[in-house]
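# Examination of the molecular architecture
In case you want the letters, here they are:
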Amino acid sequence: MKNKITPQNNEVCLGDDEFIVSKTDRKGIITYTNRVFMQIAGFSESELLGTQHNIVRHPDMPRGVFKFLWQTLEQEDEFFGYVKNLCKDGSYYWVFANITPDYDGNGNLAGYYSVRRKPSQLAINTLSPIYQEMLAVEQSGSARDAADRSIALLQSKLDELGVSYFELVMSLDKD
Ligand SMILES: Cc1cc2nc3c(=O)[nH]c(=O)nc-3n(C[C@H](O)[C@H](O)[C@H](O)COP(=O)(O)O)c2cc1C
């Protein structure tokens, strides 16, 4: 379904008190969605449940961000990041996402739990051009190691700034 959506230059903004919540299994298949997710993204509960979370993947997002996201989760660490997502009608919405491992009653990894809130304008303004550069690097050259090339670009930006990924993300969480 995601490939049939034509992106539109129309932004949907989360309210200050709105949180998008979803849960997935270990493979990223959605197992729970709250009402705000359905309202903002424009999908019904039945369209979301049982579907890969990439249903809201926006083509402006570099693959490197998602590779890093999954690397983080596979280590059972929590991920923080800014993500531009695609609505069913082609609009987009930016989120500040936190994804954590979700354990069952026996302490086994059951899947992942994500809560997102409205990001600062500073974060959107800072990361949009960086993501664009990452995307350009991915699109020039072989697809096989595209995500690794863009992660390397992001790392070089972090080195220039002298901060870790986590420090950058947290420093942008203010207006
Ligand atoms: C709990 C959880 C939440 C996720 N939330 C999003 C999201 O909001 N937007 C998104 O594009 N990908 C999200 N992902 C990552 C997707 O599973 C997927 O890796 C990504 O959309 C890239 O899709 P692709 O591998 O088909 O290119 C999430 C993954 C997990 C485990």
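Placed above this text is the structure.
About the criteria used
Residues numbered from 1 in each chain as written. Predicted model: local features only at pLDDT ≥ 70, side-chain atom pairs only at ≥ 80, totals over all residues. Heavy atoms only, no water. Pairing = 2+ DSSP bridges. Helix = DSSP H or I, 4+ residues; strand = E, 2+ residues; numbered from the N terminus. Axes fitted to C-alpha atoms, helices over the stretch in contact; angles between N-to-C directions. Contact = heavy atoms within 4.5 Å. Core = buried A, V, L, I, M, F, W, Y, C linked by side-chain atoms within 4.5 Å. Buried < 20%, exposed > 50% of the residue type's maximum accessible area, 1.4 Å probe, protein only.

## So, the sheet that holds strand β3 (residues 79-86)
On the basis of which strands lie adjacent, the open sheet formed by five strands has the order β2-β1-β5-β4-β3 and antiparallel pairing. Strands at the two margins of the open sheet, each flanked by one partner only, are β2 (30-33) and β3. Between one strand axis and the next, the sheet turns through 30 degrees on average, direction left out of account. With eight bridges joining them, β3 and strand β4 (residues 92-103) adopt antiparallel strand pairing. In the sheet register, Phe-80 faces β4, and the bridge partner there is Asn-98. Its contacts with the sheet put helix α3 (residues 63-74) on β3, β4 and β5 (109-117), and the angle it makes with β3 is roughly 140 degrees.

## As for the pairing of β2
Pairing of strand β1 (residues 20-25) with β2 involves three bridges; the strand directions are antiparallel. Residue pairing in the sheet places Thr-24 in a bridge with Ile-30 of β2. Between β1 and β2, which pair antiparallel in sequence order, lie four residues; one of them, Gly-28, sits at a positive phi of approximately 90 degrees.

## Notes on the nonpolar core
Residues Ile-20, Phe-37, Tyr-82, Tyr-93 and Tyr-131 are the most contacted members of the largest nonpolar core, which totals 45 residues. Among the secondary structure elements, those contributing two or more residues to this core are α1 (35-41), α3, β3, β4, β5, α4 (121-139), α5 (146-161) and α6 (165-171). Of the residues forming this core, the biggest block, seven residues, is contributed by β4. Once you skip the residues sitting within four places of it in the chain, Tyr-93 turns out to touch Val-12, Ile-20, Phe-37, Ile-40, Ala-41, Val-56, Val-83, Lys-84, Asn-85, Leu-86 and Cys-87.

## Re unusual backbone geometry
Unlike most non-glycine residues, Glu-76 shows phi in positive territory, near 60 degrees. By the element assignment, Glu-76 lies in the loop between α3 and β3.

In short, the description is geometric, and any link to function would need to be established separately.
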